[in-house]
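Given next are the chains, with one letter for each unit.
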Amino acid sequence: GQQVQQSPASLVLQEGENAELQCNFSSTATRLQWFYQRPGGSLVSLLYNPSGTKHTGRLTSTTVTKERRSSLHISSSQTTDSGTYFCAINMGYKLTFGTGTSLLVDP
Amino acid sequence: DMKVTQMPRYLIKRMGENVLLECGQDMSHETMYWYRQDPGLGLQLIYISYDVDSNSEGDIPKGYRVSRKKREHFSLILDSAKTNQTSVYFCASRRQFSNERLFFGHGTKLSVL
């Protein structure tokens, strides 16, 4: 089956620092997406990035499909960025999630 | 209004009782999902629905069944709930054949005692 692994499992930053989250997956046909979940909340789609580099606000995702990896860079982190970040790969209708990176940004 | 609504938000049941979790969406999305989320395991796919009366098992369908009689409504049913089905359940939807945004509900926290 599909495997999606994320690292690190958790990360603590001071406000203003940058964060780098990693996602490795087992298939080259990924149609990869990044999601955010605030503590105790629902999931929100951040970026759809099947390949190359995509930006939105302070977020930059780079996916190298043939190396089966993607990264999410958060620049100038804020306390409101705290939460869990998931990557997910899409094969047909099925969306398989990684186990997430828990980010805590201290003031 | 682009919303996925789950009911109820919290539910406590005894082992062996039947459980009905409901999900509605107002975007006429063809595709809907049920996931469960447990600490350290991320989200696990239970069932996918492609449209009315067109459902498919996900990765962990055992102990669950679903019903989709209207496009905007997708139900998850636990017949004779077990304690290991204690979890947070999320419903999600998106347009068919779309890589676009997946919309999630706020989740239902189910405790089976």
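Residues numbered from 1 in each chain as written. Chains lettered and ligands numbered in written order. Predicted model: local features only at pLDDT ≥ 70, side-chain atom pairs only at ≥ 80, totals over all residues. Heavy atoms only, no water.

Trainee: Please clarify how the overall build of chain B should be interpreted in this entry.
Mentor: A count of helical and extended segments in chain B gives 0 helices and 11 strands. What you see in chain B, going N to C, is helices and strands ordered as β-β-β-β-β-β-β-β-β-β-β. Compactness check: chain B gives a C-alpha radius of gyration of 13 Å against a globular reference of 13 Å for 113 residues, within 12% of the reference. Its C-alpha atoms put chain B at 40 × 25 × 25 Å along the principal axes. Per-residue burial for chain B yields a buried fraction of 47% across its 113 residues. Looking at chain B alone, contacts between residues at least 24 apart form 52% of all its contacts between residues at least 6 apart. Only carbon and sulfur atoms are counted for the fraction: they give 50% of the accessible area of chain B, which is about 5,700 Å². The average position of the 16 basic charges and that of the 13 acidic charges among the side chains of chain B differ by 5 Å. (Helix = DSSP H or I, 4+ residues; strand = E, 2+ residues; numbered from the N terminus. Rg over C-alpha atoms; globule rule 2.2 N^0.38 Å. Buried < 20%, exposed > 50% of the residue type's maximum accessible area, 1.4 Å probe, protein only. Contact = heavy atoms within 4.5 Å. Areas by Shrake-Rupley, 256 points an atom, 1.4 Å probe, with all protein chains shown as cover. Lys, Arg positive; Asp, Glu negative; His and termini not counted. Charge placed at Lys NZ, Arg CZ, Asp CG, Glu CD.)

Trainee: When you look at the state of the cysteines in this model, what are you seeing that I'm missing?
Mentor: Linking two cysteines covalently through their sulfur atoms gives a disulfide. Under the counting rule described, the total for this entry stands at 2 disulfides over all chains. Disulfide partner of cysteine 23 of chain A: cysteine 87 of chain A, at an S-S distance of 2.0 Å. Judged by the torsion about the S-S bond (80°), the cysteine 23 of chain A/cysteine 87 of chain A disulfide is right-handed. Taken together, the residues span a long stretch of sequence, with cysteine 23 of chain A in strand E3 (residues 19-25) and cysteine 87 of chain A in strand E9 (residues 83-91) at a distance of 64 residues. As far as burial versus exposure is concerned, cysteine 23 of chain A and cysteine 87 of chain A are alike and both buried. Disulfide partner of cysteine 23 of chain B: cysteine 91 of chain B, at an S-S distance of 1.9 Å. Taking the torsion about the sulfur-sulfur bond, which here is approximately -75°, the covalent link between cysteine 23 of chain B and cysteine 91 of chain B counts as left-handed. Taken together, the residues span a long stretch of sequence, with cysteine 23 of chain B in strand E3 (residues 19-25) and cysteine 91 of chain B in strand E9 (residues 87-94) at a distance of 68 residues. (Disulfide = S-S within 2.5 Å.)

Trainee: Mind showing me how you'd approach the pairing of E3 of chain A here?
Mentor: In the case of a regular strand, side chains alternate between the two sheet surfaces. Residue and element names in this part refer to chain A. With burial as the criterion, only one face of E3 is covered, namely that bearing Ala19, Leu21, Cys23 and Phe25; the residues Glu20, Gln22 and Asn24 on the opposite face remain uncovered. Note: strand E1 (residues 4-7) against E3, 4 bridges, orientation antiparallel. Each residue of the ladder has a partner; that of glutamine 5, found in E3, is asparagine 24. Strand direction decides the pairing type here: E3 and strand E8 (residues 69-74), joined by 6 bridges, are antiparallel. Across the sheet, residue leucine 21 finds its bridge partner in E8, namely leucine 72. (Pairing = 2+ DSSP bridges.)

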